[in-house]
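Here is what each chain is made of, one letter per residue.
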Amino acid sequence: MNYLQLSNAVLRSLNEVELTSANFASSRGVQTAVKDFINRSINDIYTAELEWPFLHADGTITTVAGTAEYALVSGYKSVDVNSFYLIESGTDIKILPYIPYVQFAHQFRERDLDPTTTSNRGKPDYAYLTNDDKVGFTPIPDKEYTVYYEYYQTHTDLSSTTDEPLLPARYQDTVVARSEYYVHQLRSDLQAASLKNGEYSARIQRMRIDLINKPDYVRSTVGASSPRASIRHPKYF
């Protein structure tokens with residue numbers, strides 16, 4: 001469902017006048033409140049889990065010779081720090097293992113920040129995350145590389161009637177239930193609000209079972225000294 005359809009689904013359940021494409025921008029009263037509640041509800045769903053699969057996205061960084069740190073994509077919620085790899089040319093792929101910033105500072109920062117030489121530059125071996133939402137590479141890149149990584153998105157408010165949430169269609173009733181909860185709170189109907197909150201919680205739990213709490217695969221550790229841990233860097237939660 002798009003923004004208009006979601007809004008009308010809530011209005012219809014409340015026996016309120018529905019909106020059209022023509023009057024959507026000039027909505028008033030409860031119609032405007034419902035539009036706001038749709039975006040608030042989508043945000044609630046997105047933040048209910050750190051890594052909903054439908055919020056997964058891929059990012060790229062193009063390095064510059066002599067520059068160690070780069071901004072990550074704006075509006076990310078978490079970054080899979082095990083996902084960094086670079087491509088120098090064609091199919092020449094190199095995995096960039098993640099190291100904590102404190103390890104970088106202890107082992108590599110003095111070498112990388114030496115202003116008297118450029119011999120500290122090269123093809124990066126490791127990636128690290130800074131405290132100001134950047135990713136750094138060590139050694140400092142000596143030329144242009146394309147670095148790929150995976151991250152999870154946050155909610156961007158719907159605004160146009162045809163805007164659609166990233167939430168799969170089969171779970172969009174969760175948005176309606178949460179929005180109805182907010183409307184009942186607005187009207188001080190606490191009993192109805194409590195019922196809708198319970199419905200919302202049940203739907204979120206069903207999403208967790210369907211999308212998260214299932215074993216997609218088992219990583220083999222044969223031939224490896226130790227299995228790689230699954231590490232995420234949350235921006236906020």
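If you're wondering where the values come from, they're calculated on a predicted model, not measured in any experiment.

For the protein, the helix and strand inventory stands at six helices and 10 strands. In the protein, which comprises 237 residues, the share counted as buried stands at 41%. If you take every contact in the protein between residues at least 6 apart in sequence, the share linking residues at least 24 apart comes to 72%. Of the accessible surface of the protein, which amounts to about 13000 Å², a share of 48% is contributed by carbon and sulfur atoms.

Summarising the sheet, strand S1 (residues 56-62) and strand S9 (residues 146-153) pair through seven bridges and their orientation is antiparallel. Pairing of Ala57 across the sheet is with Tyr151, part of S9. Sheet analysis places strand S3 (residues 76-87) next to S9, joined by seven bridges and oriented antiparallel. Across the sheet, the residue bridging to Ile87 is Thr146, located in S9.

On to the packing of helix H2 (residues 30-47) against helix H5 (residues 173-186), then. The interhelical angle for the contact between H2 and H5, taken along N-to-C directions, is 125°, at an axis separation of 8 Å. Judged by the angle between their axes, H2 and H5 are oblique. Between H2 and H5 lies a crossing whose hand is right-handed. Across from Ala33, Val34, Phe37, Ile38, Arg40, Ser41, Ile42, Asp44 and Ile45 in H2, the residues of H5 making contact are Thr174, Val175, Arg178, Ser179, Tyr182, Val183 and Leu186. Residues that form the contact of H2 with H5 fall into these classes: 10 nonpolar, three polar and three charged.

All right, on to the packing of H5 against helix H6 (residues 190-211) then. Closest axis-to-axis distance for the H5/H6 pair is 8 Å, and the angle between their directions is 155°. As far as their axial angle goes, H6 and H5 are roughly antiparallel. Seen along the crossing, H5 lies across H6 with a hand that is left-handed. On H6, the residues that touch Asp173, Thr174, Ala177, Arg178, Glu180, Tyr181, His184 and Gln185 of H5 are Ala192, Ala193, Lys196, Asn197, Glu199, Tyr200, Arg203, Ile204 and Met207. Split by residue class, the contact of H5 with H6 holds seven nonpolar, four polar and six charged.

Attention shifts here to the side chain of Asp112. Turning to its location among the elements, Asp112 is positioned in helix H4 (residues 109-112). Overall, the relative accessible area of 5% leaves Asp112 in the buried class. Separated by 2.8 Å, the side chains of Asp112 and Arg111 make a polar contact. Aside from chain neighbours lying at most four places away, what touches Asp112 is Phe104, Asn120, Phe137, Thr138, Pro139 and Ile140.

With that out of the way, let us pick up the pattern of salt bridges. Using the criterion set out here, one finds 11 salt bridges in the structure. Between Glu180 and Lys196 there is a salt bridge, with its nearest N and O atoms 2.6 Å apart. Of this pair, Glu180 sits in helix H5 while Lys196 sits in helix H6, placing them 16 residues apart in sequence. Where Arg203 meets Glu199, a salt bridge forms, and the shortest distance between an N and an O atom there is 3.2 Å. Of the two residues, Arg203 and Glu199 are both situated in helix H6; the distance of four residues between them amounts to about one turn of the helix. If you follow the salt bridges from partner to partner, you end up with Glu180, Lys196, Glu199 and Arg203 in one network.

Time to look at the nonpolar core. By size, the foremost hydrophobic cluster in this structure holds 34 residues, and its most contacted members are Ile38, Ile45, Phe54, Leu167 and Met207. Mapped by element, the contributors of at least two residues to this core are helix H1 (3-13), H2, H5 and H6. Of the residues forming this core, the biggest block, seven residues, is contributed by H2. The residues contacting Ile45, other than those within four sequence positions of it, are Trp52, Leu167, Thr174, Val175, Tyr200, Ile204 and Met207.

Within the open sheet, the three strands sit side by side as S2-S7-S6. Their pairing is antiparallel. Taken across any chain shown, the strands that pair with only one partner, and hence form the sheet edges, are strand S2 (69-71) and strand S6 (126-129). Direction aside, neighbouring strands of the sheet carry axes that sit 30° apart on average. Both S2 and strand S7 (residues 134-138) contribute to a ladder of three bridges, which runs antiparallel. What sits directly across from Tyr70, in S7, is Val135.

Conventions and cut-offs
Residues numbered from 1 in each chain as written. Predicted model: local features only at pLDDT ≥ 70, side-chain atom pairs only at ≥ 80, totals over all residues. Heavy atoms only, no water. Helix = DSSP H or I, 4+ residues; strand = E, 2+ residues; numbered from the N terminus. Buried < 20%, exposed > 50% of the residue type's maximum accessible area, 1.4 Å probe, protein only. Contact = heavy atoms within 4.5 Å. Areas by Shrake-Rupley, 256 points an atom, 1.4 Å probe, with all protein chains shown as cover. Pairing = 2+ DSSP bridges. Axes fitted to C-alpha atoms, helices over the stretch in contact; angles between N-to-C directions. Parallel < 35°, antiparallel > 145°, perpendicular 65-115°, else oblique. Left-handed = near helix turned anticlockwise from the far one by under 90°. Nonpolar A, V, L, I, M, F, W, Y, C, P; charged D, E, K, R; others polar. Polar contact = N/O pair within 3.5 Å; in protein donor to acceptor, adjacent residues only side chain to side chain. Salt bridge = Lys/Arg side-chain N within 4 Å of Asp/Glu carboxyl O. Core = buried A, V, L, I, M, F, W, Y, C linked by side-chain atoms within 4.5 Å.

Functional significance is not addressed by these values, which are geometric in nature.
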